[in-house]
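Each chain is listed here by its residues.
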Amino acid sequence: MQNRERRENAVLASPLVLFLVAILGFPVILSVIYGFSETSFTTLTSPKFNGLDNFRRVLADQDFWQAVSFSLRFGVICAVAQCVLGLFLAVYLAPLIRRHGWMVAILIIPMIVAPAMMGLMYRLVLHEFAGPIPYYMYALFGWSPSFLNAQNVFTTVVVAETLQWTPFAFLLFLTAYQSIPQDLREAAAVDGTRPWRMFRKIELPLMAPTLFVALFIRFIDGFRVFDNIYTLVGAGPGGATTSMSIYIYEAFLRQGDIGRALAAAILLFGSAFLLLALAQLFMRRAT
Amino acid sequence: MTTRHLLGSAALIAFLAGTASAEVTVLGWPGGPEETALRAVADLYNARPDVAEENKVDLLFTSRDGFFDKLQVDLAAGSTAFDVNLIATYSIGRYAPFMEPITLSDEAGAVFGDTVLSTMQFGGQQYGVPTDLSLHFLYYRKDLIDALMADDAAKAKYADIAEQYLGERLEPKDPAEWTWQDFAANALYFSQSVNPDSPTRYGTVIQMKNLLFNMMVFHSWPRSYGANWMDDAGNITVDSPAYRTALEMAKMLYDAGATPPDSTSYEYAEANAAFTSGQVAAMIQWNAAAAELTAAQPATSTFAPPSGPDGRFTHIHGLGLGLNAAAENKDGAIAFLQWLSTSEAALAYARAGGAPGLASETVAALAAERPDLVQVGEYASTYGFVMNGGTSENALSVYEAQAKEFTGYWAGTQDLDTTMANITATMTDLLK
């Protein structure tokens, strides 16, 4: 009986598995082949195996390490900023949202905008001669900061990313905060626990797993950032805003160096996989 | 009944397939005046009595986004979806392995001139018919320059500023006589960071974003000081006093606040927005911006970019149409391309809104209808240049690499020696 059920499950799952193999498997296999070959657009059908040469070139490339550094800094800073802000908003606004649930819809509006559109929007909004922010700063103070020069561009893209994705963290924390049993709070209050202590000793520990998941998701999203930065400032002056994804895109399509691009993509995939495994291990131990 | 239906369907499919493969399919540049003009000449060609039914032209357009990348993949895959395809000066080398050289009509030399024809050449062979030409103008506010030249106190201040920043006292001049030193002096004078009394916030706007097209706008500057990508022996010559001078001058203007501080994120649209706001006195920009800039600032005049010790130059590149090596109807495609290089086709293309670079004798017939083409044709034939290696397989990658290195220097993230060492190494690898 069990065998029959297992066979039926396998049969029912097979279309999905075949679909995934066709859609994901083929490009992955091709990427691995090209990653270990000398390939350009002129030799797509006849890649020449060159062992680890592409990986050696990537690892010796100063631009690659600059992109890794940018992605790590961007991912960590954005994840922390979004989670801190999201947590604050969730806790601070929770009583208000309990009475006016529709406010959540307004707060998550930035998440609905496509990241590429967000980049284009900031490109317009921050433009010295066409954007409203510099316009009003000149009108009020006779001066406006340079938002996109080499010194400020990192801060600008971090702020733009944080403004767009804080609502995601907020939503997670709000759900976690609202799911804490009310009895616990009432019991603590009866015992004379003050709000700040209640937050630190009761609510925050109960929200810790959600906090960890949010940090992890936001870090991964920040680390692989591409569209909003690319549409806002491109690779940046001297490659100052080149993330890992932008590095791979430029190597592949702009420089036609397919082997190097895919070697970098494999390294990115490998490191993300390792990170995911470590995160799972950490979570398992924590719970 | 069923058999008759089947036979009928088979005959219809065979007819359609036969028709489709016999036509000349042309993959053109979608949207804008190029598409309108190509449609007009295709109609004209198809109406000719000597064009056989199986050689009539059918047009194919895709999105502009990633057009050249998609075209490269199509050509490399041996696509037969088109017989004739678009090419651009800076990407001919990439496509050449999948295309065939062509022979133009006998009158092509007289219609376009040698400089414009060279924008469609690679390895000494002609790969396309030039259809649209892009080059650069110096756009300047004539009202501001006239006021400056009529004011002795302003002239004295201009000379003081020139001496302070450029090491020599310069007099304001008519922009038609400008050298790059004059361009820089003018940019400094009309910048409020240098001259608080300036009527404009910035004297110029330089497009310094890490973007390959910005390097095309920039490189008329080093060229006028004698720069080239490589010499005749194939040695990379980018690390030259000419490139260093132009790069240093641009950085000096950026550091002095003569171009907006966000210039390192500016490309075509941002630069145009700055100029049309009325807060910029002069700029180098593509000829395609003429209508937009002069409409917003009616006192705007144009001339060729300033001159240097080696003369006056403007980068030129063209769009054109060439022959796909995998074309199914090669004879028909060649016949169309040869006709496209005649004066009849070139004039029809221009009248329909295209921007071909035409020799002075040819463009004279259009002087009343398209005065802008007269200036484009004159500047292209007199000042136009293509860097040695500018049509090679990796020309686009060279521009990409320059964009990264030069913008890094301008933004202050690396010094000039590092910049020149990096770009020399990269270009040596790309152009070997």
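Computed from a predicted model, the values in this text were never measured in an experiment. (Residues numbered from 1 in each chain as written. Chains lettered and ligands numbered in written order. Predicted model: local features only at pLDDT ≥ 70, side-chain atom pairs only at ≥ 80, totals over all residues. Heavy atoms only, no water.)

## Some thoughts on the overall build of chain B
Scanning chain B from terminus to terminus reveals 20 helices and 16 strands. Since a compact globule built from 432 residues should have a radius of gyration of about 22 Å, the 24 Å found for chain B is in line with a globular shape. For the C-alpha atoms alone, the extent of chain B along its principal axes is close to 95 × 50 × 40 Å. Per-residue burial over chain B gives 58% buried out of 432 residues. As displayed, chain B has an accessible area near 16200 Å², and 53% of this comes from carbon and sulfur atoms. (Helix = DSSP H or I, 4+ residues; strand = E, 2+ residues; numbered from the N terminus. Rg over C-alpha atoms; globule rule 2.2 N^0.38 Å. Buried < 20%, exposed > 50% of the residue type's maximum accessible area, 1.4 Å probe, protein only. Areas by Shrake-Rupley, 256 points an atom, 1.4 Å probe, with all protein chains shown as cover.)

## A short note on the packing of aromatic side chains
In this structure the tally under the stated criterion is 43 aromatic pairs over all chains. Relative to F74 of chain A, the ring of F70 of chain A lies with its centre 5.6 Å away and its plane at 15°, an arrangement referred to as stacked. Here F70 of chain A and its partner F74 of chain A are both found in helix 3 (residues 62-99), 4 residues apart, which amounts to about one turn of the helix. Since its relative accessible area comes to 1%, F70 of chain A is described here as buried. F74 of chain A sits in the buried class, given a relative accessible area of 0%. Consider the rings of F218 of chain B and W410 of chain B, whose centres lie 5.1 Å apart with planes at 80°: the pair is edge-to-face. Highlighted residues: F218 of chain B in helix 10 (residues 212-218) and W410 of chain B in helix 19 (residues 395-411), separated in sequence by 192 residues. In terms of burial, F218 of chain B and W410 of chain B fall into one category: buried. Within the aromatic cluster, the residues linked to one another by ring pairs are Y140, W178, W180, F183, F218, W221, Y243, F406 and W410 of chain B. We note R201 of chain B situated over the ring of Y138 of chain A; from NZ or CZ to the ring centre the distance is 3.8 Å. If you follow R223 of chain B out to its NZ or CZ, it ends over the ring of F313 of chain B, 5.4 Å from the centre. (Phe/Tyr/Trp six-rings, centres within 6.5 Å; stacked < 30°, edge-to-face > 60°. Lys NZ or Arg CZ within 6 Å of the ring centre and 35° of its normal.)

## Looking at the domain arrangement of chain B
Residue and element names in this part refer to chain B. Taken domain by domain, chain B comprises domain 1 (2-134 + 317-385) and domain 2 (136-314 + 394-430). On a C-alpha basis, the centres of domain 1 and domain 2 stand 34 Å from each other. Taken together, the contact between domain 1 and domain 2 spans 12 residues of the former and 18 residues of the latter. Between domain 1 and domain 2 lies a buried interface of about 1400 Å² when both sides are counted; carbon and sulfur atoms form 67% of it. Of all residues in domain 1, Y90, Y383 and F385 bury the most surface against domain 2, accounting for 49% of the area lost on that side. Joining domain 1 to domain 2, the criterion identifies 5 residue pairs in polar contact (both at pLDDT 80 or more). Elements supplying a minimum of two residues to the side of domain 1 that touches domain 2: strand 7 (129-134), helix 18 (371-383) and strand 16 (384-385). (Domains from an automatic or database assignment. Contact = heavy atoms within 4.5 Å. Buried area = accessible area lost by both parts, 1.4 Å probe. Polar contact = N/O pair within 3.5 Å; in protein donor to acceptor, adjacent residues only side chain to side chain.)

## Some remarks on the sheet that holds strand 11 (residues 300-303) of chain B
Residue and element names in this part refer to chain B. Here we have 4 strands laid out as an open sheet, ordered 9-10-8-11, and mixed in their pairing. Each edge of the sheet is formed by a strand with only one pairing partner; in this case those strands are strand 9 (202-204) and strand 11. Along the sheet, successive strands turn relative to each other by an average axial angle of 25°, direction set aside. Here strand 8 (residues 136-141) runs beside strand 11; their pairing, made up of 4 bridges, is antiparallel. (Pairing = 2+ DSSP bridges. Axes fitted to C-alpha atoms, helices over the stretch in contact; angles between N-to-C directions.)

## So, the state of the cysteines
Residues and elements named next belong to chain A. What the rule picks out here adds up to 0 disulfides over all chains. This cysteine, C78, is not joined by any disulfide, and C83 carries the nearest cysteine sulfur, 11 Å off. Judged by relative accessible area, C83 falls into the buried class, the value being 3%. (Disulfide = S-S within 2.5 Å.)

## Comments concerning the pattern of salt bridges
Residue and element names in this part refer to chain A. Summed over all chains, the structure comprises 31 salt bridges over all chains. Notably, a salt bridge pairs D221 with R218, separated by 2.7 Å at the nearest N-O pair. Taken together, the positions of D221 and R218, both in helix 10 (residues 195-223) and 3 residues apart, correspond to about one turn of that helix. R218 carries the same exposure label as D221, and that label is buried. (Salt bridge = Lys/Arg side-chain N within 4 Å of Asp/Glu carboxyl O.)

## Points about the pairing of strand 10 (residues 280-286) of chain B
Residue and element names in this part refer to chain B. Counting buried positions along strand 10 yields 7 of 7 residues, so the element is predominantly enclosed. Judged from the 5 bridges that link them, strand 8 and strand 10 form a sheet pairing that is antiparallel. Paired with F137 across the bridge in strand 10 is Q285. Where strand 9 lies against strand 10, 2 bridges are found, and the strand directions are parallel. Across the sheet, Y202 pairs through a bridge with V280, a residue of strand 10.

## Considering the packing of helix 2 (residues 32-46) of chain B against helix 16 (residues 343-351) of chain B
Residues and elements named next belong to chain B. Contact geometry for helix 2 and helix 16: axes closest at 8 Å, N-to-C directions at 140°. Taken together, the axis directions place helix 2 and helix 16 in an arrangement best described as oblique. At the point where helix 2 passes helix 16, the crossing takes the right-handed sense. Residues E34, A37, L38, V41 and L44 of helix 2 pack against E344, A345, A348 and Y349 of helix 16. For the contact of helix 2 with helix 16, a count of residues per class yields 7 nonpolar, no polar and 2 charged. (Parallel < 35°, antiparallel > 145°, perpendicular 65-115°, else oblique. Left-handed = near helix turned anticlockwise from the far one by under 90°. Nonpolar A, V, L, I, M, F, W, Y, C, P; charged D, E, K, R; others polar.)

## A look at the interface of chain A and chain B
Facing the 28 residues of chain A at the interface are 32 residues of chain B. Counting the surface lost from both chain A and chain B, the interface buries some 2500 Å², and carbon and sulfur atoms represent 51% of this. Of all residues in chain A, the largest losses of buried area upon contact with chain B belong to F41, F129 and R254 of chain A, amounting jointly to 24% of the total for that side. The interface formed by chain A and chain B contains 4 salt bridges. For the interface between chain A and chain B, the tally reads 13 residue pairs in polar contact (both at pLDDT 80 or more). Top element by residues in the side of chain A that touches chain B is helix 12 (residues 244-254) of chain A. It accounts for 3 residues. Residues that form the side of chain A that touches chain B fall into these classes: 12 nonpolar, 11 polar and 5 charged.

## Some remarks on the nonpolar core
Grouped together as the largest cluster of nonpolar side chains are 146 residues, with contacts concentrated most on W221 and L253 of chain B. Looking at this core element by element, the count peaks at 10 residues for helix 12 (residues 241-256) of chain B. Viewed by domain, this core spans two of them, domain 1 (2-134 + 317-385) and domain 2 (136-314 + 394-430) of chain B, each represented by three or more residues. For L253 of chain B, the contacting residues outside a window of four places in its chain are F183, A184, A187, L188, I206, W221, A258 and T259 of chain B. Grouped together as the second largest cluster of nonpolar side chains are 22 residues, F70, F74, A235 and I246 of chain A included. (Core = buried A, V, L, I, M, F, W, Y, C linked by side-chain atoms within 4.5 Å.)

## A closer look at a nonpolar patch on the surface
Judged by side-chain polarity, L16, F19, L20, I23 and L24 of chain A come together as a nonpolar surface patch covering roughly 500 Å² of accessible area. In this fold, I23 of chain A is placed in helix 1 (residues 2-35). (Patch = residues over 30% accessible without salt bridge, like charges linked within 9 Å, V, L, I, M, F, W, Y side chains within 5 Å.)

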